[in-house]
Amino acid sequence: MATVNKAAQAGTLESSDMLVAIAPAPEGAGVTINLASPTMRQYGAHIKTVILAVLQDCGVTDAVIDANDKGAVDFVIEARVKTALLRATEA
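Since the model is a prediction, treat every value here as computed from it, not as a measurement. (Residues numbered from 1 in each chain as written. Predicted model: local features only at pLDDT ≥ 70, side-chain atom pairs only at ≥ 80, totals over all residues. Heavy atoms only, no water.)

(A) Molecular detail of unusual backbone geometry. Despite not being glycine, Ser-16 has its phi angle at roughly 70°, a positive value. Judged by its relative accessible area of 46%, Ser-16 is partly exposed. (Buried < 20%, exposed > 50% of the residue type's maximum accessible area, 1.4 Å probe, protein only.)

In structure tokens:
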């Protein structure tokens with residue numbers, strides 16, 4: 001199980017990218033995803049599902065995610081979340 005030790009981020013605000021910031025949450029608080037996207041009405045639920053799937057695959061149970069989407073496709077979302085998570089779990 002991965003534990004988020006510090007705040008970290010990955011990505012950019014360029015078109016077709018996503019800026020993902022991850023921060024620690026108190027133990028037992030669960031995962032909170034704050035998403036900003038121009039396609040929120042059409043794809044917001046799907047984007048949150050992709051983010052949550054990456055966190056679950058990595059064993060993260062408590063974290064705060066701030067994601068600013070600029071039209072990223074699934075594999076970009078996954079890469080940004082994984083990179084931010086790796087940076088946030090470093091000792």
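(B) Highlighting helix α2 (residues 74-88). Helix length check: α2, at 15 residues, gives a terminal C-alpha distance of 21 Å against a target of 21 Å (1.5 Å per residue), a fit within 8%. Buried residues of α2: Val-76, Ile-77, Val-81, Ala-84, Leu-85 and Ala-88, and no others. Buried residues of α2, seen end-on, are gathered within an arc of 160° and therefore sit on one face of the element. Every exposed residue of α2 that faces more than 90 degrees away from the buried side is listed here: Phe-75 and Leu-86. Buried positions along α2 lie against β1 (8-10), β2 (18-23) and α1 (40-57). (Helix = DSSP H or I, 4+ residues; strand = E, 2+ residues; numbered from the N terminus. Expected span 1.5 Å × (residues − 1). Arc of directions from axis to C-beta. Contact = heavy atoms within 4.5 Å.)

(C) Structural detail: the pairing of strand β4 (residues 63-69). Of the two faces of β4, only the one carrying Ala-63, Ile-65, Ala-67 and Asp-69 is buried; Val-64, Asp-66 and Asn-68 on the other face are not. Inspection of the sheet shows β2 paired to β4 by 6 bridges, in the antiparallel sense. Note on β4: the bridge partner recorded for Leu-19 is Asn-68. For the crossover that starts at strand β3 (residues 31-36), traverses α1 and ends in the parallel β4, the hand is left-handed. (Pairing = 2+ DSSP bridges. Right-handed = clockwise from strand over helix to strand, strands pointing away.)

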